[in-house]
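Residue-level structural notes
Residue strings, one per chain:
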Protein chains: 2
Amino acid sequence: MRFSKTTEYAIRVMIYLSQHNTQRLSVQSLHKILRIPYKYLARLMRQLAHAGLVTVTQGKEGGYSLNRELNSIYLYQIVGVIEGLDSMDRCILGFSECNDAFPCSLHTSWEPLRSRIKEMMYNTTLLELQQQGEKI
Amino acid sequence: MRFSKTTEYAIRVMIYLSQHNTQRLSVQSLHKILRIPYKYLARLMRQLAHAGLVTVTQGKEGGYSLNRELNSIYLYQIVGVIEGLDSMDRCILGFSECNDAFPCSLHTSWEPLRSRIKEMMYNTTLLELQQQGEKI
DNA sequence: CATTATTACCACCTTTCGGTAGTAATATAA
DNA sequence: TTATATTACTACCGAAAGGTGGTAATAATG
Ligand code: SF4
Ligand code: SF4
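The paragraphs below set out a description of the structure included in this document. Residue positions are counted from 1 within each chain, in the order its sequence is given. Starting at A for chains and at 1 for ligands, labels are handed out in the order in which the entities are written. At least 70 in pLDDT is required for a residue's local features to be given in this predicted model, at least 80 for side-chain atom pairs to be given and counted, and no such filter applies to totals for whole chains, interfaces and linings, which use all residues. Calculated side-chain values reflect all of the structure's heavy atoms, with hydrogen atoms and water omitted.

1. Considerations on the protein's contact with DNA strand C
It suffices for a single heavy atom of a residue to lie within 4 Å of a molecule or strand for the residue to be listed as near it. Looking at DNA strand C, there are 26 residues lining it, with T6(A), K39(A), R43(A), Q58(A) and Q58(B) nearest. Within 4 Å of the protein, the contacting atoms of DNA strand C are 62% sugar and phosphate, with bases supplying the remainder. Any pair of nitrogen or oxygen atoms within 3.5 Å is treated as a polar contact; in protein, a donor-acceptor pairing is required on top of that, and neighbouring residues in sequence qualify only through side-chain atoms on both sides. At 2.5 Å, a side-chain N or O of K39(A) approaches a base oxygen of DNA strand C. Between a phosphate oxygen of DNA strand C and a main-chain N or O atom of V27(B), the distance comes to 2.8 Å. When residues of the surface near DNA strand C are traced back to their parent elements, those giving at least two are α1 (5-19) and α3 (38-50) of chain A together with α3 (38-50), β1 (54-57) and β2 (63-66) of chain B. For the surface near DNA strand C, the element with the highest residue contribution is α3(B), accounting for 4 residues. Charged means Asp, Glu, Lys or Arg here, nonpolar means Ala, Val, Leu, Ile, Met, Phe, Trp, Tyr, Cys or Pro, and polar covers whatever is left, Gly included. Residue composition of the surface near DNA strand C, by class: 7 nonpolar, 10 polar and 9 charged. Numbering goes from the N terminus for both helices and strands, where a helix is a DSSP run of H or I of at least four residues and a strand is a run of E of at least two.

2. Considering the nonpolar core
M14(A) and M14(B) are the most contacted members of the largest nonpolar core, which has 89 residues in total. Here, two residues are considered to be in contact whenever any of their heavy atoms come within 4.5 Å of each other. Discounting chain neighbours no more than four positions away, the residues touching M14(A) are L48(A), L53(A), V54(A), L66(A), I73(A), I78(A) and L126(A). What we call a nonpolar core is a set of buried Ala, Val, Leu, Ile, Met, Phe, Trp, Tyr and Cys residues that are connected through their side-chain atoms within 4.5 Å. Here's how the labels work: a residue is buried when its accessible area is under 20% of the maximum for its type, exposed when over 50%, partly exposed in between, all with a 1.4 Å probe on protein chains only.

3. Here's the deal with the protein's contact with DNA strand D
Near DNA strand D, the surroundings consist of 26 residues, among which R46(A), Q58(A), T6(B), K39(B) and Q58(B) are the closest. Among the atoms of DNA strand D lying within 4 Å of the protein, the sugar-phosphate backbone contributes 59%. With respect to DNA strand D, the side chain of R43(B) contributes an N or O atom lying 2.7 Å from a base oxygen. For the surface near DNA strand D, the secondary structure elements donating two or more residues are α3, β1 (54-57) and β2 (63-66) of chain A together with α1 (5-19) and α3 of chain B. With 4 residues, the single largest contributor to the surface near DNA strand D is α3(A). The class makeup of the residues in the surface near DNA strand D is 7 nonpolar, 10 polar and 9 charged.

So this is what it looks like as structure tokens:
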């Protein structure tokens, strides 16, 4: 019952970037600060850039920074880039062909929790997280 | 944001067993009904037996059945056998050295949800699930 | 006792995830 | 223009999760 490690990394990076918004940060520095394996992080940053969540500047003095306003980057988008958005709609028992009309035994217990999680992800932006103050 | 596939299998089997309580079911039949890979399921059943959640009868006509009263088998125990119990206490960002006193940005949003999930797992027994009626 | 349906055990295979290494491209700065 | 600090790309490596196969042990049934 968890995010993939890569998703965790992505969230941490994005929160860090939001706390140092306007700055341009190299993979080197992010790697040192967040202690995420350098090469792996480098690839992750490219993914985030490709998905349009961060801006890249190449060459010396280059690096990454947030691409949009803090209040327009939602948690679900970050998760979506890595795990795909359907990961949050996924049935807890892994069934694909299922509907609320004919639910299994667990559904009653699980569905309310799942929709709360989803709701949170769809309502939380980096702005809220940034305002919670610094740590990571 | 999900259980491991193996955990899903385990929950499905346990729910099925609870809906056919008192019966003794072979891996063969469970495999056919639940469409879980035979050999993988066989190993899983041994794990569940080893953990004391089900009873084994060896030899011809043998198989598995629940080991205890429906209302004494909790969801968290099933998850615990496969993923370990700490999977539910785990920080959403994968940090190990963390406390509520100095939480990170996400904590405020995540902690309430996590504790609800945990609460559900610790309060739901197979009896409740079985009473929800049959399907799987 | 022989046959058969089952679980037990062990070794291996495949896929996915996390991580590493090296080299090319790019842009800044001296 | 050369050295340097960066990202881009690609291929590979290792560990863990998921899945398969073969054979031995066990017990019921004819
Ligand atoms: S009814 Fe059960 S199987 Fe279907 S989506 Fe809900 S939890 Fe999953
Ligand atoms: S404060 Fe943040 S890092 Fe710590 S347990 Fe909570 S979510 Fe995880």
